[in-house]
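Coordinates in review
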Amino acid sequence: MKKITLISKTDCELCDIAKSFFIKLKNDFVFDFEIVNIENETDLFKKYKYTIPIVLVDGIKRLQSKFTESDIIEVLQKC
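Right, let's walk through the structure included here. Being a predicted model, the structure only gives us computed values, none of them experimental. (Residues numbered from 1 in each chain as written. Predicted model: local features only at pLDDT ≥ 70, side-chain atom pairs only at ≥ 80, totals over all residues. Heavy atoms only, no water.)

It is worth spelling out a negative patch on the surface at this point. Residues Asp11, Glu13, Asp16 and Glu39 make up a contiguous surface patch of negative charge. Relative to the helices and strands, Asp11 resides in the loop between β1 (2-8) and α1 (13-25). For Asp11, a relative accessible area of 79% gives the class exposed. (Patch = residues over 30% accessible without salt bridge, like charges linked within 9 Å, V, L, I, M, F, W, Y side chains within 5 Å. Areas by Shrake-Rupley, 256 points an atom, 1.4 Å probe, with all protein chains shown as cover. Salt bridge = Lys/Arg side-chain N within 4 Å of Asp/Glu carboxyl O. Lys, Arg positive; Asp, Glu negative; His and termini not counted. Charge placed at Lys NZ, Arg CZ, Asp CG, Glu CD. Helix = DSSP H or I, 4+ residues; strand = E, 2+ residues; numbered from the N terminus. Buried < 20%, exposed > 50% of the residue type's maximum accessible area, 1.4 Å probe, protein only.)

Pasting the structure below:
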């Protein structure tokens, strides 16, 4: 099963949109989903503070910043 990690932070509109995409797609694709808040992880904050949201599939970065539901579907179908 794929492990999807959404790297996010509070008060991030793009992150909230990305989260809603994954909640919606959970019915069509099988994956484990977790959200990691960069505000709780100093190293992640330094690395991703200007490029969130980030989508990792099994630990590999697949999407960042502004992306669409179609982009997510494409990634889920390929991985």
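As paired elements, strand β3 (residues 54-57) and strand β4 (residues 60-64) share 4 bridges and run antiparallel to each other. When the bridges of β4 are listed, Leu56 appears paired with Lys61. In this antiparallel pair of consecutive strands, β3 and β4, the connection spans 2 residues, and Asp58 shows a positive phi of 50 degrees. (Pairing = 2+ DSSP bridges.)

On to the nonpolar core. Of all hydrophobic cores here, the largest spans 15 residues; its most connected members are Ile4, Val55, Ile72 and Leu76. Those elements giving two or more residues to this core turn out to be β1, α1, β3 and α3 (69-78). Per-element accounting of this core gives the leading share, 4 residues, to α1. The residues touching Leu76, leaving out its near neighbours within four places in the chain, are Lys2, Ile4, Leu25, Phe29 and Phe31. (Core = buried A, V, L, I, M, F, W, Y, C linked by side-chain atoms within 4.5 Å. Contact = heavy atoms within 4.5 Å.)

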